[in-house]
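Listed below are the residues making up each chain.
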Amino acid sequence: MAATGTPRADAGEPFDPPDVQWWSPSPRLAAARRVTVCGPLVLLAVLAAVLATVLETGCLWAVAGVLAAGAVWAWWLIGRQVRSWGYAEREDDLLVRHGVMWRVVVVVPYGRMQFVDVYAGVVDRMFGLAKVQLHTASARSDASIPGLGPQEAARLRDRLASRGEARLAGL
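So, a few notes on the structure that sits alongside this text. (Residues numbered from 1 in each chain as written. Predicted model: local features only at pLDDT ≥ 70, side-chain atom pairs only at ≥ 80, totals over all residues. Heavy atoms only, no water.)

All right, on to the environment of Gly121 then. With respect to the helices and strands, the residue Gly121 is situated in the loop between β4 (113-119) and α3 (122-126). For Gly121, a relative accessible area of 13% gives the class buried. When the C-alpha atoms of Gly121 and Lys131 are compared, they prove to be 9.0 Å apart, with 10 residues separating the residues in sequence. (Helix = DSSP H or I, 4+ residues; strand = E, 2+ residues; numbered from the N terminus. Buried < 20%, exposed > 50% of the residue type's maximum accessible area, 1.4 Å probe, protein only.)

Below, the structure is given as structure tokens:
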């Protein structure tokens, strides 16, 4: 029998399943991303404005304006992107969601996890952040959770590894 297109009353939205408590990354993730994206744009805008003044070239003012507008737009967009991230631990799987224009929900069954990494780059460490990266047999289903505090990243890594090991042993 073909499905009708009418949702069940108890069905949740595909990006917000019912009875799921979502956890968000640290707000410091937005600050870290803004430093790495908006900082260079602002510096280039200032450089273009200085050169426009020194060289008396009008087109450099346009370049400075475009760069400044790009920095303002990136500042706003980064805030939206960071707020879109979330993760939820359920009984048998981990949910990771993100995206503003293209929303994505990745469901990673604990029994399919091969290993879990914790990563922190230079900027991440400056802001006290880490990223948990999940690896499965399928590269398409790998998921990552950025913007976690180091203690939360270590806790999540250990918890996911033990749950994955328990589910794998049960196969």
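Attention shifts here to the sheet that holds strand β1 (residues 86-89). An order of β1-β2-β3 is seen for the three strands of this open sheet, with the pairing classed as antiparallel. Bordering the open sheet on either side are β1 and β3 (104-109), each of which pairs with just one other strand. For this sheet, the mean inter-axis angle between neighbouring strands, taken without regard to orientation, is 15°. (Pairing = 2+ DSSP bridges. Axes fitted to C-alpha atoms, helices over the stretch in contact; angles between N-to-C directions.)

Strand order in the open sheet formed by three strands is β4-β5-β6, and the pairing between neighbours is antiparallel. The open sheet has two edge strands with one neighbour each: β4 and β6 (143-148). Strand-to-strand twist in this sheet, taken as the mean axis angle between neighbours without regard to direction, amounts to 15°. Here strand β5 (residues 130-136) runs beside β6; their pairing, made up of four bridges, is antiparallel. Each residue of the ladder has a partner; that of Leu134, found in β6, is Ala143.

So, on to helix α1 (residues 28-55). Counted at 1.5 Å a residue, the expected span for α1 with its 28 residues is 40 Å, and the 39 Å between its end C-alpha atoms agrees. Restricting attention to buried positions, one finds in α1 the residues Leu29, Ala30, Ala32, Arg34, Cys38, Ala45, Ala48, Ala49 and Ala52. Buried positions along α1 lie against α2 (58-84), α3 and β6. One or two positions beyond α1, positive phi appears at Glu56, with a value near 50°. (Expected span 1.5 Å × (residues − 1). Contact = heavy atoms within 4.5 Å.)

This next bit is on the packing of aromatic side chains. Scanning the model with the defined rule gives zero aromatic pairs in all. One Lys or Arg, Arg97, reaches over the ring of Trp22 and ends 4.2 Å from the middle of that ring. (Phe/Tyr/Trp six-rings, centres within 6.5 Å; stacked < 30°, edge-to-face > 60°. Lys NZ or Arg CZ within 6 Å of the ring centre and 35° of its normal.)

The biggest cluster of nonpolar side chains holds 18 residues, and the ones touching the most others in it are Leu94, Val132, Leu134 and Leu160. Within the residue set of this core, elements represented by two or more residues are β2 (93-98), β3, β4, β5, β6 and α4 (150-169). Apart from residues no more than four positions distant in its own chain, Leu160 is found in contact with Leu94, Tyr110, Met113, Val116, Val132 and Leu134. Among the nonpolar cores identified, the runner-up in size contains eight residues, and Leu29, Ala30, Cys38 and Ala74 belong to it. (Core = buried A, V, L, I, M, F, W, Y, C linked by side-chain atoms within 4.5 Å.)

Taken together, the side chains of Val42, Leu44, Val46, Leu47, Val50, Leu51, Val54 and Leu55 define a hydrophobic patch exposed on the protein surface, amounting to about 700 Å² of accessible area. Among the secondary structure elements, Val46 is positioned in helix α1. (Patch = residues over 30% accessible without salt bridge, like charges linked within 9 Å, V, L, I, M, F, W, Y side chains within 5 Å. Areas by Shrake-Rupley, 256 points an atom, 1.4 Å probe, with all protein chains shown as cover. Salt bridge = Lys/Arg side-chain N within 4 Å of Asp/Glu carboxyl O.)

This part is about unusual backbone geometry. Not every positive phi belongs to a glycine, and Glu56 is a case in point at roughly 50°. Assignment of secondary structure puts Glu56 in the loop between α1 and α2. Using a relative accessible area of 73% as the deciding quantity, one classes Glu56 as exposed.

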